[in-house]
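# Breakdown of the fold
Residue-level listing of the chains:
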Amino acid sequence: MEDDEGTIKLVSKEGDEFKVSIEVAKVSELVKTMIEEEGDDGEHEIPLPNVKATVLAKVIDFCSRHAREPMNEIEKVSFS
């Protein structure tokens with residue numbers, strides 16, 4: 001498994017760069033998939049052209065909190 005140490009740069013629609021730990025970034029399934037597809041070539045920069053900087057800042061805040069305190073699994077309800 002890939003080492004979760006280090007940082008990654010997330011780039012918003014406006015070009016703003018947010019440097020976060022890989023552990024925090026991987027809380028987002030989208031970013032986690034992009035990291036895994038990119039491979040381990042050292043520096044990671046993930047462009048997010050559909051995400052505004054203000055929204056990305058809130059997503060990073062959410063991911064930071066849940067990297068420290070994982071979310072509880074939400075029970076899936078079947079409507080059959």
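Quick caveat: nothing in here was measured; it's all calculated off a predicted structure. (Residues numbered from 1 in each chain as written. Predicted model: local features only at pLDDT ≥ 70, side-chain atom pairs only at ≥ 80, totals over all residues. Heavy atoms only, no water.)

### Digging into the pairing of strand β2 (residues 17-21)
To keep things clear, this is the line we draw: Only strands that DSSP links by at least two bridges are regarded as paired with each other. Strands here are runs of E lasting at least two residues and helices are runs of H or I lasting at least four, both read from the DSSP assignment and numbered beginning at the N terminus.
When strand β1 (residues 7-11) meets β2, the two strands line up antiparallel, connected through five bridges. By the bridge assignment, I8 is partnered in β2 with V20. In sequence, β1 turns back onto β2 through a hairpin of five residues, with G15 there showing a positive phi of about 95°.

### Regarding the nonpolar core
This is how the line gets drawn: We define the nonpolar core as a collection of buried residues of types Ala, Val, Leu, Ile, Met, Phe, Trp, Tyr and Cys that are connected through side-chain atoms lying within 4.5 Å of one another. Classification of residues uses two cut-offs on accessible area relative to the type maximum, computed with a 1.4 Å probe and protein chains only: under 20% is buried, over 50% is exposed, and between them is partly exposed. Two residues qualify as a contact provided that any one of their heavy atoms is within 4.5 Å of a heavy atom in the partner residue.
Counting 11 residues, the largest nonpolar core is built from I8, L10, V20, I22, A25, V31, I35, I46, L48, L56 and I60. Of all the secondary-structure elements, those providing two or more residues to this core are β1, α1 (22-25), α2 (29-38) and α3 (53-68). In this structure, I60 is in contact with L10, F18, V20 and V24, ignoring residues within four places of it in sequence.

### Comments concerning the pattern of salt bridges
To keep things clear, this is the line we draw: When a carboxyl oxygen of Asp or Glu is within 4 Å of a side-chain nitrogen of Lys or Arg, the pair counts as a salt bridge.
According to the stated counting rule, one finds three salt bridges in the structure shown. Note that E45 and K9 form a salt bridge whose closest N and O atoms lie 3.8 Å from each other. In this pair, E45 sits in strand β3 (residues 45-47) while K9 sits in strand β1, placing the two residues 36 residues apart along the sequence. The partly exposed category is assigned to K9, whose relative accessible area is 24%. Ionic pairing is found between D61 and R65, a salt bridge with its closest N-O pair at 3.2 Å. Taken together, the residues D61 and R65, both in helix α3 and four residues apart, mark about one turn of the helix. Within this structure, K9, E17 and E45 form a network of salt bridges that share partners.

### Here we look at the pairing of β1
Pairing geometry for β1 and β3, over three bridges, is parallel. The partner of L10 across the bridge, within β3, is I46.

### Regarding α3
Rules: To estimate how far a helix should reach, multiply one less than its number of residues by 1.5 Å. This arc describes the spread of directions from the helix axis toward the C-beta atoms.
Helix length check: α3 (16 residues) gives 23 Å between terminal C-alpha atoms against 22 Å at 1.5 Å per residue, within 8%. Every buried residue of α3 is accounted for by A53, L56, I60 and C63. Buried positions in α3, seen along its axis, are confined to an arc of 75° and lie on one side of it. When the buried face of α3 is taken as reference, the exposed residues oriented beyond 90 degrees from it are T54 and K58.

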